[in-house]
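Summary of the model geometry
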Amino acid sequence: MLDIQTLRNDLAGVAARLATRGFVLDTARFEQLEGERKLVQTRTQELQARRNAASKQIGFAKSKGEDVTAIMAEVANLGDELKQAEAQLAVVLAELQALLEGLPNTPHESVPVGKSEADNEEVRKVGSKPSFDFAVQDHVSLGEGLGGLDFETAAKISGARFSLLKGGLARLHRALAQFMLDTHTDQHGYTEVYVPYLVNAASMRGTGQLPKFEEDLFKVPRQMGEGIENFYLIPTAEVPVTNMVRDEIVPLESLPMKFVAHTPCFRSEAGSAGRDTRGMIRQHQFDKVELVQMVHPDDSSAALEQLLGHAETILQQLGLHYRVVKLCSGDIGFSAAMTYDIEVWLPAQDTYREISSCSSFGAFQARRMQARFRNAQGKPELLHTLNGSGLAVGRTLVAVLENFQQADGSVVIPEVLRPYMGGLESLRGLK
RNA sequence: GGAGAAGUGGCCGAGUGGUCGAAGGCACUCCCCUGCUAAGGGAGCAUGCGGGCAUAAACCUGCAUCGAGGGUUCGAAUCCCUCCUUCUCCGCCA
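Notes on the structure follow.

Rules used throughout
Residues numbered from 1 in each chain as written. Chains lettered and ligands numbered in written order. Predicted model: local features only at pLDDT ≥ 70, side-chain atom pairs only at ≥ 80, totals over all residues. Heavy atoms only, no water. Helix = DSSP H or I, 4+ residues; strand = E, 2+ residues; numbered from the N terminus. Buried < 20%, exposed > 50% of the residue type's maximum accessible area, 1.4 Å probe, protein only. Contact = heavy atoms within 4.5 Å. Areas by Shrake-Rupley, 256 points an atom, 1.4 Å probe, with all protein chains shown as cover. Lys, Arg positive; Asp, Glu negative; His and termini not counted. Charge placed at Lys NZ, Arg CZ, Asp CG, Glu CD. Core = buried A, V, L, I, M, F, W, Y, C linked by side-chain atoms within 4.5 Å. Salt bridge = Lys/Arg side-chain N within 4 Å of Asp/Glu carboxyl O. Near = heavy atom within 4 Å. Polar contact = N/O pair within 3.5 Å; in protein donor to acceptor, adjacent residues only side chain to side chain. Nonpolar A, V, L, I, M, F, W, Y, C, P; charged D, E, K, R; others polar.

Some thoughts on the overall build of chain A
The helix and strand tally for chain A stands at 12 helices and 16 strands. With respect to the principal axes defined by its C-alpha atoms, chain A has extents near 100 × 45 × 45 Å. Among the 431 residues that make up chain A, the fraction classed as buried is 50%. Nonlocal contacts in chain A, meaning residues at least 24 apart in sequence, comprise 73% of its contacts between residues at least 6 apart. About 20,500 Å² of surface is accessible on chain A, with carbon and sulfur atoms providing 49% of the total. Once the 45 positive and 55 negative side-chain charges of chain A are each reduced to a mean point, those two points are 2 Å apart.

Quick word on the nonpolar core
Within the largest apolar cluster, 53 residues are counted, with the highest numbers of intra-cluster contacts made by Leu172, Leu176, Leu315, Leu320 and Leu427. Not counting residues up to four positions away in its chain, the partners in contact with Leu320 are Val126, Leu315, Val344, Thr396, Ala399, Val400, Asn403 and Phe404.

Re the pattern of salt bridges
For the coordinates displayed, the defined rule picks out 16 salt bridges. Between Lys125 and Glu122 there is a salt bridge whose closest N-O contact spans 3.3 Å. For Lys125, a relative accessible area of 45% puts it in the partly exposed group. The class of Glu122 is partly exposed, set by a relative accessible area of 40%. Across the pair Asp276 and Arg282 runs a salt bridge whose closest N-O atoms are separated by 2.9 Å. Accessibility expressed as a relative area gives 13% for Arg282, which makes it buried. In this structure, a network of salt bridges that share partners links the residues Glu122, Lys125, Arg323 and Glu343.

Here we look at unusual backbone geometry
For residues other than glycine, phi is negative in most cases, and the peptide bonds are mostly trans. The residue after Leu210, namely Pro211, is reached through a cis peptide bond having omega 5°. Among the secondary structure elements, Pro211 is positioned in the loop between helix 8 (201-207) and strand 4 (219-224). Even without being a glycine, Arg161 presents a positive backbone phi close to 65°. Structurally, Arg161 is set in the loop between helix 6 (151-157) and helix 7 (167-187). Residue classification places Arg161 among the buried positions, given a relative accessible area of 14%.

Let's talk about the protein's contact with RNA strand B
The full set close to RNA strand B counts 27 residues, and Arg8, Gln48, Ser55, Lys62 and Arg372 are the nearest of them. The sugar-phosphate backbone supplies 72% of the atoms of RNA strand B found within 4 Å of the protein. Contacts to RNA strand B include Gln45, whose side-chain N or O atom sits 3.2 Å from a base nitrogen. Residue Arg372 places a side-chain N or O atom 2.7 Å away from a sugar or linking oxygen belonging to RNA strand B. Listed by contribution, the elements that provide at least two residues to the surface near RNA strand B are helix 1 (4-9), helix 3 (27-63), helix 4 (69-101) and strand 12 (372-374). Counting residues per element, the surface near RNA strand B draws most heavily on helix 3, which supplies 14 residues. Each residue belonging to the surface near RNA strand B can be placed in one class, and the counts come to eight nonpolar, 10 polar and nine charged.

Okay, structure coming up:
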C-alpha cells in the first residue's frame, strides 16, 4: 500500500511514477474521495466531540446530584445526526481504502522504464552454456526415460499441471531442497522456519495477493460460526513468512531478520491456459525454498543485492549457467519496488527460464501489515521487506536434468548434491 | 467433539456503567543524588487517523482503539449477542 500522505502531497508525481509501469491512477477520483473524506471526517469528529463533552457533563452533574434533563435533551438530538455521519464516513473510508489497496507499488528510481519483458535489462551472465555432441532431450523425456517422472498418473490422481516423481528423481528433488536450506542457514545466516501452508485472508492482504489477485489462488472455504471464511493455499512462502511480523513492533536490534522456508506453493494459473503445458515448468503445485528479510529502511537496497547473491550461490554451486535480469517498470509485480529475476539456461528449450525472482518491496507490504520496528528515537517506523526464491525446486530439478544429461540418457549428479544422494554420482534407469 | 477459565499498553497486572486511554509494577529515556557494583529521588513513556499546517521535525488539539464484530445507553474496558484465540480437564487422533 502506498502512503496516503504522499498521495495527498504529490498526487501528480505518484501518478507519473505509476504510469511507468502502465498503471493509470484515477487522480480525479482520488481527489474527490479525499475531499469527501475530509469533509465527512471533520464533521463526524465534531459531533463526537460534542457528544463526549455532554456525556462527561452528565456524569459530572449526576455525581453532584444535579438535574440533567436539560443536557440529556440536547444530546438526544445529536444521536441521529451522528449515526448518519458515522455511517457515511465508514462508506467513504472503505472506498478510499479499496482504491488504495488496488494501487501497485511505485517502482524504485533505479528501475529501467519499459513496457514489457522485452525491455528488461540483462545485468550479467554467469558460467557458460554446456555443449552437447548429441541431440539433447528435454526433462520430460529424460525423466520418463529414467522411470522417475510420471505425468499420466499425476493427471489421474489430480489433473493437469501436477507431477509425480519416483525413485532417484524424487530423491534428487528432496536433495535439492535440503542443499538449498543447508546452504542458506549455514552460510548465509538465515533462520529456517516451518510455516502454515493454509493462511487467512488478512495474511494474503498483507503481502498484496488480496484483494486484487484472488483468481490466482486456491481457496479453501471453511465454516466459521455462522458464516464461511476462506483459507488460502499459499502461492509462495513469502506470504506466511512475511506475515510473521504483521501487527508487530520489533526492537531495532532484531534487524535484519532473515528467514528461509521450504514449502510447497500452489497456484491456480488462471490466466495461463495453454502456456508451458509440457513438463514441470508451470504446475499447480511446486516446491520452493524462499528467502525473506525484514530490514531497516536504510539497508533495503544493499539487502536486495545480498539476497540476490544468496540465490545465485545455489546455481553456482550446482554448476548451472544463468543470467540475472533487472525487470523494467512494466514487468515488475504488483507489490515490488524492484525485482531481479534469475534465469537458468535450459538447453532443450534453447532459452533462459526464470528460476528465481528477488524483490524489494520498500514499505509497501509493511504498511499493509503494520509491520514496524522501534527506531533509534523510540518511535515505531515501518520496516522494509524483501524476498526471493532460493530457488524454485521443481525448475531447478528440470535444469539439472537437462544440463547434466549424457548421451545415454543418464544424468550426472552435481557434486554438492551427492552427499544428499547417498554418494550416487549419476541417475540411470532407476525403478 | 464435551466441560470450564481467560483475552487490558513493550511486558506483568488492577479496573464491573460516568472527569478511564486506563491504577500499580517491570523495562526504557532524561534529570538529581551517589567515587566501582548496587541502591535512592523526580519527570517522561501506547498506537492509528484527522485538524492547527502551505512544508520537515517539534508542539497543541480532536477522534478512534482495552481479542474481533454487532447491540443496549446521553455515556461501555465494564452490560447483552455472535465469533476468534489461548489455557486446563475429558474424549479422539498422525
